[in-house]
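Next come the chains, spelled out residue by residue.
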Amino acid sequence: MPAFELDAGEHWLCTCGKSANFPFCDGSHKDVPDKGPLKHTMTEKGSIYICTCKKSADMPFCDGSHNK
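Notes on the structure follow.

Reading guide: rules and limits
- Residues numbered from 1 in each chain as written.
- Predicted model: local features only at pLDDT ≥ 70, side-chain atom pairs only at ≥ 80, totals over all residues.
- Heavy atoms only, no water.
- Phe/Tyr/Trp six-rings, centres within 6.5 Å; stacked < 30°, edge-to-face > 60°.
- Helix = DSSP H or I, 4+ residues; strand = E, 2+ residues; numbered from the N terminus.
- Salt bridge = Lys/Arg side-chain N within 4 Å of Asp/Glu carboxyl O.
- Buried < 20%, exposed > 50% of the residue type's maximum accessible area, 1.4 Å probe, protein only.
- Contact = heavy atoms within 4.5 Å.

1. Some details on the packing of aromatic side chains
For any pair of aromatic rings, the description consists of the separation of the ring centres together with the inter-plane angle of the planes.
No. 1: Applying the stated rule across the entire model yields one aromatic pair.
No. 2: Ring centres of phenylalanine 4 and phenylalanine 24 lie 6.1 Å apart, and the angle between their planes is 80 degrees; this geometry places the pair in the edge-to-face category. Taken as a pair, phenylalanine 4 in strand β1 (residues 3-6) and phenylalanine 24 in the loop between β2 (9-13) and β3 (38-42) lie far apart in primary sequence, 20 residues in all.

Here's what the structure looks like:
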């Protein structure tokens, strides 16, 4: 599971799994009902962990489910 370094500010995260720029939204969700991007605001520069196994209960963030 990779860590993504983000600057402070708003970031739009992919929830449909179709983005060519995963984990960031590129608009590919337009043909996927109920799977729009998730706005994530960073108050300061830092790391986030994005789920790539699709098992997290806290999508799109990693909750360690890949270890089970």
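From this point, things continue past the structure.
2. Let's talk about the pattern of salt bridges
No. 1: Considering all chains together, one arrives at two salt bridges under this definition.
No. 2: For lysine 39, the salt bridge is made with glutamate 10, and the minimal N-O distance between the two is 3.2 Å. On the criterion of sequence distance, the pair formed by lysine 39 in strand β3 and glutamate 10 in strand β2 is long-range, its members being 29 residues apart.
No. 3: Given a relative accessible area of 41%, lysine 39 falls into the partly exposed group.
No. 4: Aspartate 31 is the salt-bridge partner of lysine 18, the closest N and O atoms lying 3.5 Å from each other.

3. Points about the environment of lysine 54
No. 1: Mapped onto the elements, lysine 54 comes out in the segment after β4 (46-49).
No. 2: Remark: the alpha-carbon pair of lysine 54 and proline 33, spanning 21 residues in sequence, is separated by 18 Å.
No. 3: Not counting chain neighbours up to four residues away, the residues in contact with lysine 54 comprise Gly17, Phe22 and Met59.

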